[in-house]
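Spelled out, the chains give:
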Number of protein chains: 2
Amino acid sequence: MHIAVIKDSGPAERRVAATPDTVKGYVAAGHKITMTKGAGAEADFSDAAYKEAGATISASNTACVKNADLVFSVNGADAKLVGSLKKGAGITGAMSPTDNPKYAQACAKAGVTAFALDYIPRISRAQAMDVLSSQSNLSGYRAVVEAAGIYGRALPMMMTAAGTIAPAKVFVMGAGVAGLQAIATSRRLGAVTTATDVRPAAKEQVASLGAKFVAVENEEFKAAETSGGYAKEMSPEYQKAQAELTASHVAKQDVVITTALIPGRPAPKLIDKAMLDSMKPGSVIVDLAVERGGNVEGSKKGEIVTTKNGVHIVGYLNWPSRMAADASNMFARNLKAFLPLVTSEDGAYAPNWDDEIIQGCALTKEGAVVHERLLALPTAT
Amino acid sequence: MHIAVIKDSGPAERRVAATPDTVKGYVAAGHKITMTKGAGAEADFSDAAYKEAGATISASNTACVKNADLVFSVNGADAKLVGSLKKGAGITGAMSPTDNPKYAQACAKAGVTAFALDYIPRISRAQAMDVLSSQSNLSGYRAVVEAAGIYGRALPMMMTAAGTIAPAKVFVMGAGVAGLQAIATSRRLGAVTTATDVRPAAKEQVASLGAKFVAVENEEFKAAETSGGYAKEMSPEYQKAQAELTASHVAKQDVVITTALIPGRPAPKLIDKAMLDSMKPGSVIVDLAVERGGNVEGSKKGEIVTTKNGVHIVGYLNWPSRMAADASNMFARNLKAFLPLVTSEDGAYAPNWDDEIIQGCALTKEGAVVHERLLALPTAT
């Protein structure tokens, strides 16, 4: 089939959906690859490297996708481009479908099948395609690296002739994929690391990384683990008790990293103004949930906000793009694992509609929005 | 005595020479402390905290130093201020005396004694006062943190469902205090770490941190260790052989940190254009020696230069100020250890001119430049 790899746009986007390595594999398998000029430039993959891997370089996204059977995109930022695809073609991306329902509508209108990689069911067969995991893992690492850069002190303990520098205290709120990698990275750097989560399973994972778990461990906590591995929203009573425990803990921290998300809902507020006021000047909070409304009062998308008492709240967008090379590498491998689901035995583009993964991630089919989560939205008509 | 702590100026300076903690100790010992408003603001120490520790806040550096017996400064950036000190007073700082001989001249003219903390002899009794070590240690840590931030990939190996991310390769050139901390930090972050130095003693230290030593280990190498612990300049033949070995090694690296200095001389060039050309796009070089001319061809003071082939050369100035809180903390403790050498038994300002540490670091005395290293300079008259 003819696969087109575009230069992605969107907030702070630097990733690309194929690497010279995956392109080489596609070409060897008999696919034709066109790539937009400079598609990988911001991820340190040059056009020359893609050419050497067998891709043809197009001057623009429009030229790149023309006649393509399948378009590889990192996100669903460019709804206009969809109109340039041939009818019946497919396009991939982490499309944030419920935040961005117009994209699926544009795909339906153009007769294009939209594969939302962020909707791929979290079943074990699909793990290698899980862009949420692969990107969140890097976000968690990056959150600690950026925090270490903004924090005016060292994270590890240092014993010097002039005395000892105490290790920093790092608190990770939300122990999903991003949170666990943040914990691991914080531990690597020698910080005294604690973490919290509403799921009891996380307690064991946190402990296995050498960090201390901080939570109100009542009956509700024990019952809160859901089958999808995500946190459901906790009761007001639980949230109050947990907030009190958290508040007293946060006051003593040097770095706090928040990663709490609830699927389809705004991010829960974990840190309010009173907690911010209790923190030391120079302490750093990284709000990885800022794109979904934020876990921290006053965090701003794309900015570092410094409070009156000198607490820095980091609200950068698109954390995976802050390490674009590895993020692209992982994303490209996720797509490589996905490709067989839309490929016939003879290598042609042919989505397997009987596969639950395709059913779970396809937003559109034959000119209509078909995904139940989009059909449930008031705006999706 | 009356000690004045000024708000330091100079390139990218964010440090302060006293913390609320050291001020508290000085006040308890009976000293009077005046501080310039906002002196510690950029290091996350507030005027309120200094006041609580017992300091009086002055509106300006000029007001702060008026009538002071001893002025605490981080550097020797403000030669004009010296004229506002009372005759016979002292001033401290890492003054880079040979780079900045006019500062000592200004002190001599004002009848002020200049204590260059960077000239404190490297004897064991003076270790606690060694600002070069305390600040270099933090620079080495920070170099790796910044490199991790600029590098578009992860430093540690990561095993994920989408495949393995290989660990980054980090090469540290120059294994002094900064280099050794860079090695330790790189190892913490899981990078495959190698290092080089012209001193054989460094080989053992590098190995003890778990990094591999890279050097041409011939007779000259074995003879090169000097009593001061510094590297002497090696022969052209050795440099050529080492450069060849280094060149082939550098081509394979993801991050290179250069820390090579020769006392009183420009920094040696360790990485030339051909080596830069051999490196991968996206790789990062941190040139910690940029203030002394740089170890890397094309590095620029205060800037990140990106070469045509995509190598980022980081030439930030004043690395300790990038972690101003800890750097100030260490500097303040160095000064606290130094203070007894200029204090009489009854707590008055009285430099002990019989002490070799005072002799080693005093640039001026009774209206004249007295330090032999300055007297040897053509401009010091």
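Residues numbered from 1 in each chain as written. Chains lettered and ligands numbered in written order. Predicted model: local features only at pLDDT ≥ 70, side-chain atom pairs only at ≥ 80, totals over all residues. Heavy atoms only, no water.

The next thing to look at is helix H4 (residues 101-110) of chain A. All names here are of chain A. Along H4, the residues classified as buried are Pro 101, Tyr 103, Ala 104, Cys 107, Ala 108 and Ala 110. Of the surrounding secondary structure, the elements contacted by the buried residues of H4 are strand S5 (90-93), strand S6 (113-116), strand S16 (364-365), strand S17 (368-369) and helix H13 (372-375). In the segment just after H4, Gly 111 is the residue with positive phi, at about 70 degrees. (Buried < 20%, exposed > 50% of the residue type's maximum accessible area, 1.4 Å probe, protein only. Helix = DSSP H or I, 4+ residues; strand = E, 2+ residues; numbered from the N terminus. Contact = heavy atoms within 4.5 Å.)

Another aspect to go through is helix H5 (residues 131-150) of chain B. Residues and elements named next belong to chain B. The terminal C-alpha atoms of H5 lie 28 Å apart, and with 20 residues this matches the ideal 28 Å at 1.5 Å per residue to within 8%. Counting buried positions along H5 yields 15 of 20 residues, so the element is predominantly enclosed. The distance from a side-chain oxygen at the start of H5 to the backbone nitrogen of Leu 132 is 3.1 Å, and the residue carrying that oxygen is Asp 130. (Expected span 1.5 Å × (residues − 1). Polar contact = N/O pair within 3.5 Å; in protein donor to acceptor, adjacent residues only side chain to side chain.)

This part takes up the environment of A:Asn329. Tracing the chain through its elements places A:Asn329 in helix H11 (residues 324-338). Distance in space between the C-alpha atoms of A:Asn329 and A:Tyr50 is 13 Å, their sequence separation being 279 residues. Other than its neighbours up to four places away in sequence, A:Asn329 contacts A:Thr19 and B:Arg153.

Here the focus is the relation of the copies chain A and chain B. Under the fitted operation, chain A is carried onto chain B by 0.0 Å of movement along the axis and a turn of 180 degrees, and the coordinates agree to an RMSD of 0.0 Å. Interpreted geometrically, this transformation is the action of a two-fold axis. When C-alpha distances to the rotation axis are compared across chain A, the minimum falls at A:Arg188, with a value of 2.7 Å. A share of 98% of interface residues in chain A that are also interface residues in chain B marks the association as one of identical surfaces. (Least-squares fit on C-alpha atoms with pLDDT ≥ 70 in both.)

A few words now on the side chain of A:Thr196. All names here are of chain A. Tracing the chain through its elements places Thr 196 in strand S10 (residues 192-196). Engagement of the side chain of Thr 196 in a polar contact is seen with the side chain of Gln 242, the distance being 2.8 Å. Filtering out sequence-adjacent residues up to four positions away, Thr 196 remains in contact with Phe 171, Val 172, Met 173, Gly 174, Ala 175, Phe 213, Val 214, Ala 215 and Gln 242.

A separate point is the packing of helix H5 (residues 131-150) of chain A against H11(A). All names here are of chain A. Packing of H5 against H11 brings their axes to within 9 Å, and their N-to-C directions diverge by 165 degrees. Taken together, H5 and H11 sit at an angle that is classed as roughly antiparallel. When the axes of H5 and H11 are compared, the crossing they make is right-handed. Residues Val 131, Ser 134, Gln 135 and Leu 138 of H5 lie in contact with H11, whose contacting residues are Asp 326, Ala 327, Met 330, Phe 331 and Asn 334. Of the residues assigned to the contact of H5 with H11, the class counts are five nonpolar, three polar and one charged. (Axes fitted to C-alpha atoms, helices over the stretch in contact; angles between N-to-C directions. Parallel < 35°, antiparallel > 145°, perpendicular 65-115°, else oblique. Left-handed = near helix turned anticlockwise from the far one by under 90°. Nonpolar A, V, L, I, M, F, W, Y, C, P; charged D, E, K, R; others polar.)

With that settled, the discussion passes to the sheet that holds strand S2 (residues 32-36) of chain A. Residue and element names in this part refer to chain A. Reading across the sheet, the six strands line up as S3-S2-S1-S4-S5-S6 and stay open at both edges, with parallel pairing between neighbours. Here the strands that pair on one side only, and so sit at the sheet edges, are strand S3 (56-58) and S6. Going across the sheet, the axis of each strand differs from the next one's by a mean of 25 degrees, ignoring polarity. Pairing geometry for S2 and S3, over three bridges, is parallel. Within S3, the position partnered with Thr 34 by the bridge is Thr 56. (Pairing = 2+ DSSP bridges.)

Taken together, the contact pairs 41 residues of chain A with 40 residues of chain B. For the pair chain A and chain B, the summed buried area comes to about 3400 Å², and 55% of that belongs to carbon and sulfur atoms. Joining chain A to chain B, the criterion identifies two salt bridges. The salt bridge partner of A:Asp326 is B:Arg153, with a shortest N-O separation of 3.5 Å. Linking chain A to chain B there are 18 residue pairs in polar contact (both at pLDDT 80 or more). Counting only elements with at least two residues in the side of chain A that touches chain B, the list comes to H5, strand S7 (158-160), strand S8 (163-165), helix H6 (177-188) and H11 of chain A. Top element by residues in the side of chain A that touches chain B is H5(A). It accounts for eight residues. (Buried area = accessible area lost by both parts, 1.4 Å probe. Salt bridge = Lys/Arg side-chain N within 4 Å of Asp/Glu carboxyl O.)

Let's shift gears to the packing of aromatic side chains. Per the stated rule, a full pass over the model turns up eight aromatic pairs over all chains. Ring centres of B:Tyr26 and B:Phe72 lie 5.8 Å apart, and the angle between their planes is 70 degrees; on these two criteria the pair is classed as edge-to-face. In this pair, B:Tyr26 is assigned in helix H1 (residues 20-28) and B:Phe72 in strand S4 (residues 70-72), connecting sequence segments 46 residues apart. Between A:Arg373 and the ring centre of A:Tyr119, over which it is positioned, the NZ or CZ distance is 4.1 Å. Of note, B:Arg322 hangs over the ring of B:Tyr316, and the distance from its end group to the ring centre comes to 3.6 Å. (Phe/Tyr/Trp six-rings, centres within 6.5 Å; stacked < 30°, edge-to-face > 60°. Lys NZ or Arg CZ within 6 Å of the ring centre and 35° of its normal.)

Further remarks concern the confidence of the model for chain A. Here chain A averages 93 in pLDDT, and 97% of its residues register 70 or above. Per the prediction output, this complex has pTM 0.92; the corresponding ipTM is 0.91. (pLDDT = per-residue confidence, 0-100.)

Let us look at the environment of A:Ser46. Along the chain, A:Ser46 turns up in the loop between S2 and helix H2 (47-53). As a C-alpha pair, A:Ser46 and A:Thr19 span 27 residues in sequence and 9.5 Å in three-dimensional space.

Another point: the pairing of strand S12 (residues 255-258) of chain B. Regular strands show a simple pattern: their side chains alternate between the two faces of the sheet. Residues and elements named next belong to chain B. Covered by surrounding structure in S12 are Val 255 and Ile 257 together with Val 256 and Thr 258, the residues of both alternating faces. Sheet topology places strand S9 (residues 169-173) next to S12; four bridges connect them, and they run parallel. Pairing of Val 172 across the sheet is with Ile 257, part of S12. Pairing geometry for S12 and strand S13 (residues 284-287), over four bridges, is parallel. Its bridge partner lying in S13, Val 256 is registered against Ile 285. Taken together, S12, helix H10 (residues 273-278) and S13 constitute a β-α-β crossover, and its handedness is right-handed. (Right-handed = clockwise from strand over helix to strand, strands pointing away.)

All names here are of chain A. Ordered in space as S11-S10-S9-S12-S13-S15-S14, the seven strands form an open sheet in which the pairing is mixed. At either end of the open sheet lies a strand with only one pairing partner, and these are strand S11 (212-213) and strand S14 (304-306). Strands in contact with H5 are strand S12 (255-258), strand S13 (284-287), S14 and strand S15 (312-314); relative to S13, the strand with the most contacts, it is inclined by about 150 degrees.

Residues and elements named next belong to chain A. The geometry of H5 relative to H6 is characterised by a closest axis approach of 7 Å and an angle of 35 degrees between their N-to-C directions. Classified by chirality, the crossing of H6 by H5 is right-handed. Touching Ser 133, Ser 136, Asn 137, Gly 140, Tyr 141 and Val 144 of H5 are Val 177, Ala 178, Gln 181, Ala 182, Thr 185 and Ser 186, all from H6. A breakdown of the residues in the contact of H5 with H6 according to their chemical character gives five nonpolar, seven polar and no charged.

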